[in-house]
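Commentary on secondary and tertiary structure
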Amino acid sequence: MVELEIDGKKVEVAEGSLVMEAARQLGTYIPHFCYHRKLSIAANCRMCLVEVEKAPKALPACATPVTPGMKVFTNSEKAVKAQKSVMEFLLINHPLDCPICDQGGECQLQDLAVGYGASESRYKEEKRVVFHKNVGPLISMEEMSRCIHCTRCVRFGQEVAGVMELGMLGRGEHSEITTFVGQTVDSELSGNMIDLCPVGALTSKPFRYSARTWELARRKSVSPHDGLGANLVVQTKNQRVMRVLPLDNEAVNECWLSDKDRFSYEGLNSADRLTKPLLKQGGEWMETDWQTALEYVANGLASIKRDHGADQIAALASPHSTLEELYLLGKLVRGLGSDNVDFRQRQTDFSAAAKGAPWLGLPIADVSMLQRVLVIGSALRKDHPLLAARLRQAGKKGARVAVLGASADDLLMPLAARIDVAPSGWTAALAGIARAVAAAKGVAAPAGTDGFDGDDKSKAVADALLSGERRAVFLGNEAVRHPQFATLHALAQWIAAETGATLGFLTEAANTVGGHIAGALPQKGGANAQAMFDAPRRAYVLLNTEPEFDAANPRQALAALGQAGTVVVLSPFRSEAALQYADVILPVTPFTETAGTFVNCEGLPQSFNGVVRALGDARPAWKVLRVLGNLLDVPGFDFETAENVRDEVLAKPVAAQLDNGTDAAIRVTAAAASGIERVADVPIYHADPIVRRADSLQLTAAARRAMQAGLSADLFASLGVQAGDPVRVTQGQGSVVLPAALEAALPAGTVRVSAGTIAAASLGATFGTVTVEKAIDLAATAKGAAEPAATA
C-alpha cells in the first residue's frame, strides 16, 4: 500500500494505482473525458491535469502512478489554469448546437464547460466540419463534428467487445473517428459506445429526437432476455418506455448492456401489442371483456377435464416469464389434476434430468477469473453476450478456452482449441476428450466410450483442462437442445470431475433457473414439452410463448395446436399463427408493466416492479392465473401481491435446489456417415417475442444473417451457387427457399437454417438431416417441363 495526500487529505491505495483512482477512493472529483475505469489508459484528452508537488508541469491524473508521500493538488491555481486551457482547446472546433443535441442535459462536456469554459471564445477562425457516417441501425454518427477524440469507443471495441470496428484516421485537427471503408458497427455490445461517448457524437438512433433526458422518469428493472439477468435503468415518458440504459452491478453486468437488452424496448411498443381479450366465435375474432373471457377459459378447461380427463390439459410457458407466473401456471395445472406443464420447449432429450436446477455452477463475476474453460454447444456471443465478454477478459489474462460445437462463430477471443463437427458427431468428439483426459491421468475411461479415441485437438483440450487452476466445463443452449443431451451432460460431468473443473450450464433465458425453482415442469410423471406435442392434448394453455418460433419442432407443434379443442394464449402480443390455432387470447403485460422475479444463471433472485402502467386492458399474467385458479376452485390462490407469490416460491432457499449432477448413462454414437445435417442456432434477435418485434434490431446484420441459409464450403461448391442465390432446404414434409450464404467455418456437410424465424417455422426439428437444392435449377426444370405441354 502507498500513502499519499490529495488536496490535504491523506489516502492509502494499492501500489501501482493511479492518482485518478486514489482521488475517487477519497471522493474527490477530477474532471476527465478519456478516462474510464473499465478501459485502458489513453491520456489524450488532458482534462485531468493536476498539480503534483515538485513536478515541473501539470500531470494527467489518469496516467500518473502514485508514489509514497506524493502531494497532489486538484484545485490549485496551476491545476485549474491547465484544465481551463484544455477546455478552451476542446471547444475550439466543437459546434454550438447544444439546444438540438440529443446529449443535451447529460453531456459531460456541457457540464464541465460550465465550470472550466470561458464565457467567450478567442478562436475566430472557421470551425472544422466532419461528415456524418452511416454505421447501422443502432448508432447514429450524424454529428461527428462534436467528437473530442477521447477514443473511448475505439478502446471499448478492442478491449471489451473484442473487435475493432471504429478507429481514428488523420492527425491533429484532421483526426476523425470512423469505421473501416463501407463497414457498419455490428458488435452485439455496440450500444455501450453510446454510453461511453462523453459528447453528442455517438447517439442512439432508435431514441434520436424522441425525448429530452430531463423529461424522462427512471426506474430500475431486470432484463428478461438471457441467463445473466442484466440490471436496467428503464426511462419512460407519458407511460411509454423510451430508452433503456445499464444499471451498474459489478456482480452481474458490470456497467455494460448487450444490444438485445438495450434496444429490445421497441418491441414493447409494437403494433402487435394486445389491449383487449379476444374470443374466437364462429371462426371470427371479437373483442370482449375480462369477465367473459376468463369464464370462457374456466368453462373450457373444466369441460375438457370432465369429458376427457385432466391428462388432456397441457401448459407450455416461456423461460422469459417471471418466477411468479411460472409458479402459478404449474399450480393451476396441478390443481386441475394434470402434471403436463413445461417451459423447456426447445429441449428434446428428457431421458435423464439434472438432479436439481441446472445453473452456472459459480458466481458470474468469477467467470472473468477462470483459467481453463471448455464450452460445449454454445453460440456464446449470441446466447450470452456479456458472459462472452467476461470470458474474453479471462482470455486476456491468459485463460485457455476451448470450444466444441458446430456454429463456427468467431468468438473474438484466443482459443486453446476449437472442435467444429456436425451435431451428430458431438457425443463422439466429447468422448474423445474424455478418453484423452483418462489417458493423461492414467485412469479408466468412462464406460460407453470405447472406440472413440480423440485426435490432437482432443488431447489439446485435455491438456488445457488438466493444467492451471480455476477450471470450468460449460454446457450451452445448443447442447441442452441436442437429441443426445443426456450423454453430453454425463460426459461433461465426468470430464469436470476428473479435471477438477466446475460443471455449469449457460442457461437460456432470464428465468431458466427460476422455472425449475418454481416447479414449472413435470414432477409426477406428467408429459414434458416434447411429449405434449408427440401425443397431442385436447387443451393447451400457452404463457408468453409462440410455439411456431419457440418449439423444438415448430411444424409438429403447430399441427398439435391446430387439432386441439381449446387453446388459451396468455401473451402481450398477437401473432398470425396464434390467430389460427388459438380460441382465446388474453392480453398479459410484459416485464415492464408487472412486478416479478427472475432467477439468473448463478441462482440469484432479482425482483423488480413495473415501470409503466399496463397498456389498455392488459393485466399481469400472475393476476390472470390467480383469477383462473379461483374460478376453477383450485385451493391456494388467495394471493394479494406478487411478493406474496414470490415468498411462497422462495420459502426454500434457491441455493439448496441448485444441482448440475446427472445419473445419465453414456451412450455415444458415431457421427452420421452421410447426409446433410442442419445446424439450427437461435439467432440473438429472434430468441423471444419482445426482441422479435424490435424494429431496429431486425435491421442489423445479425438479423439479416438469420434469414439466410448458411452453407459449408463443400456444400456451397457442390451446389454451384453464388452468395444470394436462392436454395431450397427440405426437412420432412416442409421446405423453405432462402438466399445462400457461404459460411466457410461450418463443418463439412452442414447447412445453417436458424430456428426462431418465420422461415424455420415451416421446417421440422432443430436437429436432423435435410436436403438442399439450388432453387434456380428447380424453377428452370419446372419451366422446361411445362413448355412442351403448352406447345402441344
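Treat the numbers as computed from the prediction; the structure is a model and nothing was measured.

Thresholds, definitions, all that
- Residues numbered from 1 in each chain as written.
- Predicted model: local features only at pLDDT ≥ 70, side-chain atom pairs only at ≥ 80, totals over all residues.
- Heavy atoms only, no water.
- Buried < 20%, exposed > 50% of the residue type's maximum accessible area, 1.4 Å probe, protein only.
- Helix = DSSP H or I, 4+ residues; strand = E, 2+ residues; numbered from the N terminus.
- Arc of directions from axis to C-beta.
- Contact = heavy atoms within 4.5 Å.
- Pairing = 2+ DSSP bridges.
- Axes fitted to C-alpha atoms, helices over the stretch in contact; angles between N-to-C directions.
- Polar contact = N/O pair within 3.5 Å; in protein donor to acceptor, adjacent residues only side chain to side chain.
- Phe/Tyr/Trp six-rings, centres within 6.5 Å; stacked < 30°, edge-to-face > 60°.
- Lys NZ or Arg CZ within 6 Å of the ring centre and 35° of its normal.
- UniProt positions renumbered as here; feature names shortened; annotations may be inferred.
- Disulfide = S-S within 2.5 Å.
- Core = buried A, V, L, I, M, F, W, Y, C linked by side-chain atoms within 4.5 Å.

**A short note on helix 1 (residues 19-26)**
The complete set of buried residues in helix 1 reads Val 19, Met 20, Ala 22 and Ala 23. Each buried residue of helix 1 lies within a common arc of 165 degrees when the element is viewed along its axis, so the set occupies one face. On the buried face of helix 1, the contacting elements are strand 1 (2-6), strand 2 (9-13) and strand 5 (71-73). Among the residues trailing helix 1, Gly 27 stands out with phi positive, at a value near 90 degrees.

**With respect to the sheet that holds strand 18 (residues 372-376)**
Read from one edge of the open sheet, five strands run 20-19-18-21-22, paired in parallel fashion. This sheet does not close on itself; its edge strands, each paired only once, are strand 20 (417-420) and strand 22 (502-505). The sheet shows a mean angle of 15 degrees between the axes of neighbouring strands, direction not considered. Relative to strand 19 (residues 400-405), strand 18 is paired through five bridges, and the arrangement is parallel. When the bridges of strand 19 are listed, Ile 376 appears paired with Leu 404. Relative to strand 20, helix 13 (residues 456-465) is tilted by about 135 degrees, and along the sheet it contacts strand 18, strand 19, strand 20 and strand 21 (471-475).

**Description of the sheet that holds strand 12 (residues 231-237)**
In spatial order, the strands read 11-12-13; together these three strands make up an open sheet with antiparallel pairing. Here the strands that pair on one side only, and so sit at the sheet edges, are strand 11 (217-222) and strand 13 (240-246). Between one strand axis and the next, the sheet turns through 35 degrees on average, direction left out of account.

**A few points about the side chain of Ser 140**
Considering the arrangement of structural elements, one finds Ser 140 in strand 7 (residues 139-141). Ser 140 gets classed as buried once you look at its relative accessible area, which sits at 1%. One polar contact links Ser 140 to Arg 208, side chain to side chain, over a distance of 3.2 Å. When neighbours within four sequence positions are excluded, Ser 140 is seen to be in contact with Ala 201, Leu 202, Thr 203, Lys 205 and Arg 208.

**Re the packing of aromatic side chains**
One pass over the structure, following the stated rule, counts five aromatic pairs. Consider the rings of Trp 426 and Phe 767, whose centres lie 6.2 Å apart with planes at 80 degrees: the pair is edge-to-face. You can see Trp 426 sitting in helix 12 (residues 426-441) and its partner Phe 767 sitting in the loop between strand 32 (750-752) and strand 33 (769-774), a full 341 residues away along the chain. In this structure, Trp 426 and Phe 767 share a single accessibility class: buried. Directly above the ring of Phe 207 sits Arg 243, whose terminal nitrogen or CZ lies 4.4 Å from the centroid. Positioned above the aromatic ring of Phe 637 is the side chain of Lys 331, whose terminal nitrogen or guanidinium carbon lies 5.8 Å from the ring centre.

**Focus on the UniProt feature "domain: 4Fe-4S Mo/W bis-MGD-type" (unreviewed entry) in the chain**
Mapped onto this numbering, the UniProt entry gives "domain: 4Fe-4S Mo/W bis-MGD-type" (unreviewed entry) at residues 216-272. Between the end C-alpha atoms of residues 216-272 the distance is 25 Å, and the span holds 16% helix and 35% strand.

**Some points on the state of the cysteines**
All chains considered together, the criterion is met by zero disulfides. Not part of a disulfide, Cys 45 finds its nearest cysteine sulfur in Cys 34, a span of 3.7 Å. Judged by relative accessible area, which is 5%, Cys 45 ranks as buried. Note on Cys 150: no disulfide assigned, nearest cysteine sulfur contributed by Cys 197 at a separation of 6.1 Å.

**Digging into the pairing of strand 31 (residues 734-742)**
Two elements, strand 29 (residues 709-711) and strand 31, share three bridges in a ladder whose sense is parallel. Residue pairing across strands places Leu 711 opposite Leu 742, the latter belonging to strand 31. Pairing between strand 30 (residues 726-731) and strand 31: six bridges, direction antiparallel. Bridge pairing in strand 31 places Gln 731 opposite Gly 734. Linking strand 30 to strand 31, which pair antiparallel, is a turn of two residues; within it Gly 732 sits at a positive phi near 65 degrees.

**Re the nonpolar core**
Side chains of a nonpolar character, in soluble globular proteins, are inclined to be buried together. Within the largest apolar cluster, 91 residues are counted, with the highest numbers of intra-cluster contacts made by Phe 33, Ile 139, Phe 156, Leu 166, Leu 202 and Phe 474. Among all residues touching Ile 139, those that are not within four sequence positions of it are Val 185, Ser 190, Met 193, Ile 194, Leu 202, Thr 203 and Lys 205. Ile 313, Ala 315, Phe 639 and Val 649 belong to the second largest nonpolar core, which has 51 residues in total.

**Things to note about the UniProt feature "domain: 4Fe-4S His(Cys)3-ligated-type" (unreviewed entry) in the chain**
Within this structure's numbering, the places UniProt gives as "domain: 4Fe-4S His(Cys)3-ligated-type" (unreviewed entry) are residues 78-117. Here residues 78-117 is 60% helix and 0% strand, with 16 Å between the C-alpha atoms at its ends.

**Let's talk about unusual backbone geometry**
Positive phi values are uncommon outside glycine, yet Ala 43 reaches one of about 55 degrees. Topologically, Ala 43 is positioned in the loop between helix 1 and strand 3 (49-52). Of note, the phi angle at Tyr 209 is positive, near 60 degrees, even though the residue is not glycine. The class of Tyr 209 is exposed, set by a relative accessible area of 52%.

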